[in-house]
Every structure is written in structure tokens, then in C-alpha cells.
Amino acid sequence: MADHQEASVTLPSDPASVPTARRFVAEVLHGWGLDGADDLADAIRLMVSELATNAVLHTFGQSPTFTVDVRLEREERLHIGVTDSHPRWPRRLPAAVQQDNGRGMVIIRSLAAEAGGRLSVTPTEEGGKTVWISLPWAPTAASYA
């Protein structure tokens, strides 16, 4: 395997693109050796779904597309980023019992931490942002927990 591998896809900022983003990442990671039935693969699919949903719902129509980047560095570290052109960064909302939304970032942060990774946000040159999850690469592990 190469020292650095990457793949990306740009999708319309539409709810129908969320499952497409999830499938794209799953297919790329399967090609790089991650078993699709693995607990880590399940966690990654959920994190990508949450990130893509945020890129669609919380940009208020101001980002016509979003991009999903998948990078593997030296078979040691996996980075998955979702970029949109809206300038507002994600906010951690209090998870009130009656609240139907606002828990996505908490879920992502928790799943990333369980897998030994982390969540970060970086600005883009165009004024948007990329929300990244960075995880240790362990394609042969049966579970990350």
C-alpha cells in the first residue's frame, strides 16, 4: 500500500446525498482493507452520516455542495473530512431531553474518542470549513472498543 492514499467526492447539498457519502466512504475503506462488518466500519458510517447531514442541514442553503475527503497516511492514521462553504462552525448544543436535534457533534466526538481518535474543525481558504475525524488505522481489528 502507498504511503499516502486519498479519495474524495463532491455531492449536492441535498438530504439524498447523505447515503451516497456514507456508501462512498464505506467502499473506499473496504478497498483499503477495512471489513464492512467491523465495529469500526459501523462507527465510521455513522460519523460520516452525521457530518454529511450537518453539511446539508446547517448550512441553510448557503453551501450548494459538500465534499467528503478520505485520507490514509502511512497505514497508521485515517482522516475523513466533510467540507462545506458555509462560514459558521459547528456548535455544541445542550442535549435537552425535548430536543430532537443538536446531538450530532456529541455523537461524532464520542465515537471518535472511543476509537482512539479525535474531531477537529479547520477553515478553508474560501471561507468555509472542514470537519475532520482522525482515527488510528486498524483494518484487521475485530473491534475498536
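Residues numbered from 1 in each chain as written. Predicted model: local features only at pLDDT ≥ 70, side-chain atom pairs only at ≥ 80, totals over all residues. Heavy atoms only, no water.

Caption draft 1: Spotlight on the pattern of salt bridges. Counted by the stated rule, this structure contains 2 salt bridges. Ionic pairing is found between Asp42 and Arg45, a salt bridge with its closest N-O pair at 2.2 Å. Taken together, the positions of Asp42 and Arg45, both in helix α2 (residues 39–57) and 3 residues apart, correspond to about one turn of that helix. Here Arg45 falls in the partly exposed class, since its relative accessible area comes to 24%. Across the pair Lys129 and Asp84 runs a salt bridge, and its minimum N-O distance is 2.7 Å. In this pair, Lys129 sits in strand β5 (residues 129–136) while Asp84 sits in strand β3 (residues 77–84), placing the two residues 45 residues apart along the sequence. Just as Lys129 is buried, Asp84 falls in that class too. (Salt bridge = Lys/Arg side-chain N within 4 Å of Asp/Glu carboxyl O. Helix = DSSP H or I, 4+ residues; strand = E, 2+ residues; numbered from the N terminus. Buried < 20%, exposed > 50% of the residue type's maximum accessible area, 1.4 Å probe, protein only.)

Caption draft 2: The sheet that holds strand β2 (residues 65–73), seen in detail. Pairing in this open sheet of 5 strands is antiparallel, and the strands run β1-β2-β3-β5-β4 from one edge to the other. The open sheet has two free edges, formed respectively by β1 (4–12) and β4 (118–123), since each of these has just one partner strand. Looking at each pair of strands side by side, their axes are set apart by 15° on average, direction ignored. Inspection of the sheet shows β2 paired to β3 by 8 bridges, in the antiparallel sense. The residue of β3 that forms the bridge with Leu72 is Leu78. Strands β1, β2 and β3 of the sheet are contacted by helix α1 (residues 17–31), whose axis makes an angle of about 15° with β2. On top of the sheet, helix α3 (residues 104–114) reaches β4 and β5; it is set at about 125° to β4, its chief contact. (Pairing = 2+ DSSP bridges. Axes fitted to C-alpha atoms, helices over the stretch in contact; angles between N-to-C directions. Contact = heavy atoms within 4.5 Å.)

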